[in-house]
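Structure at a glance
What follows is the residue order along each chain.
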Amino acid sequence: MPYFTDEQTRTLVRETYGGAAANGRAVADALYSAAELNGLPEDAIALALGVGHPVRYASLASGETVLDVGCGAGIDTLLAARAVGDGGRVLAVDMTPAMLERTQHHAALAGATNVEAHEGVMEALPFADGSVDVVVSNGVLNLSTRKSRALAEMLRVLRPGGRIALADLVLAERLPEEIAKNPTALAV
Amino acid sequence: MLIKKLGNVGFVDAVTVARAAFGLDALARYPLFAAEFLDFVRAVVPVDRHDTLVYSVVVTAHKGDR
């Protein structure tokens, strides 16, 4: 049974991620190549908070429509936008307004005119059935108290034959209860 | 478990394409965790799990054609 309700979780995540300060390049350098980071806005790089590199495994093609669930400050959104080109588009969704603003700002700085930012939660995505070719998400599913619901929503918005590339944290063993009950551990 | 969840909701061909240990040193890179929290985790978690606290995975899957 979860230690936190949906609303408590969302409030904690909004506060934690909305207040995250740029923190250098340590996270981005651990996840992305120098060539991939080249040309991206420095703040987008410094606010990389993902845990993997789902875009690398998404096999994106020119002209595709990609949904980035929990876009954060937009680093994966920008990499996807670069991969699908001007003929494609990237729908970036996040429940934290401060992060959405950052994604929009970083897309503008990068000249990525194929990015659309949308506020929403992963358990009720604000998109039509079968409307996207690819879903990517990076370090976001673990923040949901209803993971199966969020995955079902990602399936719903994919077109038949569409694909998903999802980076997340998983446990090999349960964490000690003292940690699992700590609000900060929601992000782990 | 994540692969199983993907299958349970209807995804097909779910596979783990990347997996890496994610320990306390990795957590410390993120501006989400205060030093006090990291110290707390370091104190509570057995030393032999500090480098493998959790695992970072990337999974891929498809939606069926129909």
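Residues numbered from 1 in each chain as written. Chains lettered and ligands numbered in written order. Predicted model: local features only at pLDDT ≥ 70, side-chain atom pairs only at ≥ 80, totals over all residues. Heavy atoms only, no water.

Scanning chain A for helices and strands turns up eight helices and five strands. Secondary structure elements of chain A occur, N-terminal to C-terminal, as α-α-α-α-β-α-β-α-β-β-α-β-α. Against the globule reference of 16 Å for 188 residues, chain A gives a C-alpha radius of gyration of 16 Å, in line with a compact fold. Dimensions along the principal axes, computed over C-alpha positions, put chain A at roughly 50 × 40 × 30 Å. Summed over its atoms, the accessible surface of chain A is roughly 7,600 Å², and 50% of this surface lies on carbon and sulfur atoms. Computing the positive centroid from 15 side-chain charges and the negative centroid from 23, chain A places the two 4 Å apart. (Helix = DSSP H or I, 4+ residues; strand = E, 2+ residues; numbered from the N terminus. Rg over C-alpha atoms; globule rule 2.2 N^0.38 Å. Areas by Shrake-Rupley, 256 points an atom, 1.4 Å probe, with all protein chains shown as cover. Lys, Arg positive; Asp, Glu negative; His and termini not counted. Charge placed at Lys NZ, Arg CZ, Asp CG, Glu CD.)

Let us look at helix H3 (residues 35-44) of chain B. Taken together, the buried positions of H3 of chain B are Phe 37, Leu 38 and Val 41 of chain B. Projected onto a plane normal to the axis of H3 of chain B, the buried residues spread over an arc of 100° and lie on a single side. Seen from the buried face of H3 of chain B, the exposed residues on the opposite side, beyond 90 degrees, are Glu 36 and Ala 43 of chain B. Summarising the contacts, the buried residues of H3 of chain B are in contact with helix H8 (177-180) of chain A together with helix H2 (24-27) of chain B. (Buried < 20%, exposed > 50% of the residue type's maximum accessible area, 1.4 Å probe, protein only. Arc of directions from axis to C-beta. Contact = heavy atoms within 4.5 Å.)

With that out of the way, let us pick up the confidence of the model for chain B. Residues of chain B with pLDDT of at least 70 account for 100%, and the chain-wide mean is 92. Complex prediction metrics read pTM 0.91 and ipTM 0.91. (pLDDT = per-residue confidence, 0-100.)

Moving on, we get to the interface of chain B and chain A. Contacts between chain B and chain A engage 34 residues on the former and 49 residues on the latter. Note on chain B versus chain A: buried area summed over both sides is about 3,600 Å², and carbon and sulfur give 72% of it. Our count for the chain B to chain A interface comes out at twelve residue pairs in polar contact (both at pLDDT 80 or more). Of all elements in the fold, only helix H1 (2-9), strand S1 (11-22), H3 and strand S2 (54-63) of chain B reach the threshold of two or more residues within the side of chain B that touches chain A. Looking at the side of chain B that touches chain A, the element that brings in the most residues is S2 of chain B, giving ten residues. Here the side of chain B that touches chain A is composed, by residue class, of 24 nonpolar, five polar and five charged. Here strand S5 (residues 158-170) of chain A pairs with S2 of chain B via eight bridges, running antiparallel. Paired with Leu 169 of chain A across the strands is Ser 56 of chain B, a residue of S2 of chain B. (Buried area = accessible area lost by both parts, 1.4 Å probe. Polar contact = N/O pair within 3.5 Å; in protein donor to acceptor, adjacent residues only side chain to side chain. Nonpolar A, V, L, I, M, F, W, Y, C, P; charged D, E, K, R; others polar. Pairing = 2+ DSSP bridges.)

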